[in-house]
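Topology and contacts: notes
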Amino acid sequence: RRAAEIIRKNLDACGFSDRAEIICGDGVSALSKMGKNRFDIVFLDPPYGSDLLEKALFKICSLDLLKENGIIICETARGKTVTGYAAPYAVRKEYVYGAASVVLIEKEQL
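Our subject in this report is the structure included herewith. Here the structure is a predicted model, which means the values were calculated and not measured.

Remarks on the pairing of strand β3 (residues 89-97)
- Across 8 bridges, the pairing between β3 and strand β4 (residues 100-107) is antiparallel. If you follow E94 over to β4, its bridge partner there is V103.
- What sits between the antiparallel neighbours β3 and β4 is a turn of 2 residues, in which G98 has the positive phi angle 60°.

Looking at unusual backbone geometry
- Of the consecutive residues A87 and P88, the connecting peptide bond is found in the cis state with omega at 15°.
- The phi torsion at D64 lies on the positive side, around 55°, for a residue other than glycine.
- According to the relative accessible area criterion, D64 is partly exposed, its value standing at 30%.
- For N69, which is not a glycine, the phi torsion comes out positive at approximately 65°.
- By the secondary structure assignment, N69 is in strand β2 (residues 66-77).

Cut-off values and rules
Residues numbered from 1 in each chain as written. Predicted model: local features only at pLDDT ≥ 70, side-chain atom pairs only at ≥ 80, totals over all residues. Heavy atoms only, no water. Pairing = 2+ DSSP bridges. Helix = DSSP H or I, 4+ residues; strand = E, 2+ residues; numbered from the N terminus. Buried < 20%, exposed > 50% of the residue type's maximum accessible area, 1.4 Å probe, protein only.

Below, the structure is given as structure tokens:
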């Protein structure tokens, strides 16, 4: 709840409060409640060593929650292969920062 309050304050400061929704709880379950929403950018940074990244990617892809040319930014442990997505989603870039890896997955145009 403390983190959510900080996010709320940052959204207010940036003027994005009217275009954002903060969901406290299980993120993978929350994805099922997105309805017909489509997103340009999704950030995923689950705890390393869990299977939450793969579960979230699978859910995002199966529900088709990204707009065309949208991107998913995933943070994971360095050297970990990111799975859970399928065409039209594809890895575009990977960046390594110390023990972390940031993987960009893009939804290709059909």
